[in-house]
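Topology and contacts: notes
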Amino acid sequence: MLPELSENDARTRIAKRIADELEDGALVNLGIGIPQLIPDFISGGRRIILQTENGVISAGPAKDRNDLRIIDAGGSPISVLPGGAFISSDLSFAIMRGGHVDATVLGALEVDQEGSLANWMIPNVRIPGMGGAMDIVTGAKKVYIATRHFSKNGSCKLVRKCTLPLTGRGVVDVIVTEYCVIRNDSGRMTITETAENVDVEDLLKSTPMELDVSKKICRMKF
Amino acid sequence: MAKPFIKPIISPEEAVSKVKNKTSLMIGGFNYGGAPYTIIDALCRAGTKDIDLICVDASHFNDKTPYPVGVANLIVNGQVRSMIASHIGLNKKAQELCTEGTIKIELIPMGTYVERIRAGGAGLGGILTPTGIDTVYEDGRDTIELDGRRYIIERPLRADVAFICAYKADEAGNLIYCGTGRNFNPIIATAADVVIAEVGEILPIGSIDPDNVVTPGIFIDALVLKGDNPYAART
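Right, let's walk through the structure included here. Note that the structure is a prediction, hence the values are computed from the model and not measured. (Residues numbered from 1 in each chain as written. Chains lettered and ligands numbered in written order. Predicted model: local features only at pLDDT ≥ 70, side-chain atom pairs only at ≥ 80, totals over all residues.)

Details of the interface of chain A and chain B
Taken together, the contact pairs 33 residues of chain A with 36 residues of chain B. Looking at the side of chain A that touches chain B, the elements with two or more residues in it are helix 2 (89-97) and helix 3 (133-139) of chain A. A per-class count over the side of chain A that touches chain B returns 14 nonpolar, twelve polar and seven charged. (Contact = placed C-beta atoms within 7 Å. Helix = DSSP H or I, 4+ residues; strand = E, 2+ residues; numbered from the N terminus. Nonpolar A, V, L, I, M, F, W, Y, C, P; charged D, E, K, R; others polar.)

Right, dumping it as structure tokens:
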């Protein structure tokens, strides 16, 4: 049996684990949801540079909740940190598509064993439009997926093959859930870490995605 | 006809008189930021119909914001015939109208959206982008393989009229922006036959250091002063 975690504990664990991996000075683009928790867990004197696709380099927390002159892509007030910049959308997307973003962390509806990601639409239910999602997975040097292992209806988000429309094919490098870290090792999805009280056999049994187990598998630190 | 060196300062009503039925209209802004709220309000009052709108998103009209904001008003009022956008997820009505087919909305990746407009303003025949390859977005689109990588062929995008928004202008129409209000505005300024900028303030010529001009006045036909729309005041 996989241990049960509260929503909050699971989200915190995932965000902390990914935060731990981001390098000092990295230009990082965060999706909505769990990825937005990451800046709180950047420790050890590191500084990451957050890009928002609507035109901020070095985004920071809001100073005035009523001021909409500096917002993130979702419309929430933010600030620009010293050393940052405002840019136009052509440059912002050149940065994303052009390979200048060191890492992006995104949520998932489904992610599959070929590293394909579906996170932008559910046909006949939600048609929000892809926004910048397809551009960022096309151009980011490293694509992290921060997701709960199972969706709210209990189905595993880590599947053999995505059934929802793709955001990008074969784009995912690392998947972090509350139970494990999975890395795309030359096209093979490989478990490299498991969380405490998570048995690898249990994990494999409840995960439809075909997974290799790393010879150097270790405990997930968070 | 050349654009005047000193830009006329016109009313929002005069600005929207350039938009006739079946005009293609590009509007700047991203989410709340950098939208020409004052001109949009006037366009709502004018009631001009069958607009072919090009705007990156459909602004807000949802459970959290239960009233239409900015361009969302044009959509809710039934003034829009078609729309090219990238994200309409914060506007429930736009999604509804799109699903039932009342408005034809073409959703395209945001980086593709901006580069198509850039191509339109830069005299390019189109662009090649890897974004959307191997997704449903590729269906029905032309692709090309070049040096071992596949790209989608995208056409340039231009409009009859563009409404943009800037922080400040000088009398020659040189523009500077504030915060995330810059977004698509400088690119849209290059890609329409008539370009009108809504600004917070109009300064004497020479007040903006040429090194700091983001959009040169050569692109601008006329200026409109920002009015008292609450979102105009906060952005």
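Next comes the rest of the account.
Some remarks on helix 2 (residues 37-46) of chain B
Residue and element names in this part refer to chain B. Restricting attention to buried positions, one finds in helix 2 the residues Tyr37, Thr38, Ile39, Ile40, Ala42 and Leu43. Where helix 2 is buried, its residues touch helix 1 (12-16), helix 3 (72-76), strand 8 (159-166), strand 11 (192-199), strand 13 (222-225) and helix 7 (230-234). Phi for glycine 47, located one or two positions after helix 2, is positive at around 70 degrees. (Buried ≥ 20, exposed ≤ 12 C-beta atoms within 10 Å, placed from the backbone.)

Points about the nonpolar core
Generally speaking, nonpolar side chains in soluble globular proteins are found buried as a group. Grouped together as the largest cluster of nonpolar side chains are 133 residues, with contacts concentrated most on Ile18(A), Ala162(B), Ile188(B) and Ala197(B). Among the elements that take part in this core, strand 8 of chain B stands out by supplying seven residues, more than any other. (Core = buried A, V, L, I, M, F, W, Y, C linked by C-beta atoms within 7 Å.)

Quick notes on the sheet that holds strand 12 (residues 202-203) of chain B
Residue and element names in this part refer to chain B. Taken in spatial order, the three strands make up an open sheet running 10-9-12, and their pairing is mixed. Strands at the two margins of the open sheet, each flanked by one partner only, are strand 10 (175-176) and strand 12. Note: strand 9 (residues 168-170) against strand 12, two bridges, orientation parallel. Among the inter-strand pairings, alanine 169 is bridged to a residue of strand 12, identified as isoleucine 202. (Pairing = 2+ DSSP bridges.)

Quick word on the sheet that holds strand 13 (residues 212-219) of chain A
Residue and element names in this part refer to chain A. With mixed pairing, ten strands are arranged side by side in an open sheet as 4-3-2-1-5-8-10-11-12-13. Strand pairing shows two members of the sheet lacking a second neighbour, strand 4 (79-86) and strand 13, which therefore form its edges. In this sheet, neighbouring strand axes are inclined to one another by 25 degrees on average, regardless of whether the strands run parallel or antiparallel. Bridging between strand 3 (residues 56-60) and strand 4 involves four bridges; their strand directions are antiparallel. The partner of valine 56 across the bridge, within strand 4, is phenylalanine 86. Here helix 1 (residues 7-19) sits on the sheet and contacts strand 5 (103-106), strand 8 (143-146), strand 10 (174-176) and strand 11 (180-185); the angle it forms with strand 8, its principal contact strand, is near 160 degrees. (Axes fitted to C-alpha atoms, helices over the stretch in contact; angles between N-to-C directions.)

Focus on the packing of helix 2 of chain A against helix 5 (residues 110-122) of chain B
Two elements in contact, helix 2 of chain A and helix 5 of chain B, have axes whose closest approach is 9 Å; the angle formed by their N-to-C orientations is 130 degrees. It follows from the interaxial angle that helix 2 of chain A and helix 5 of chain B lie oblique. Of the two elements, helix 2 of chain A crosses helix 5 of chain B, and the hand of that crossing is left-handed. Of the residues in helix 5 of chain B, those touching helix 2 of chain A at Ser89(A), Asp90(A), Phe93(A), Met96(A) and Arg97(A) are Met110(B), Gly111(B), Val114(B) and Arg118(B). Of the residues in the contact of helix 2 of chain A with helix 5 of chain B, the class split is four nonpolar, two polar and three charged. (Parallel < 35°, antiparallel > 145°, perpendicular 65-115°, else oblique. Left-handed = near helix turned anticlockwise from the far one by under 90°.)

The values reported here are purely geometric and, on their own, carry no functional implication.
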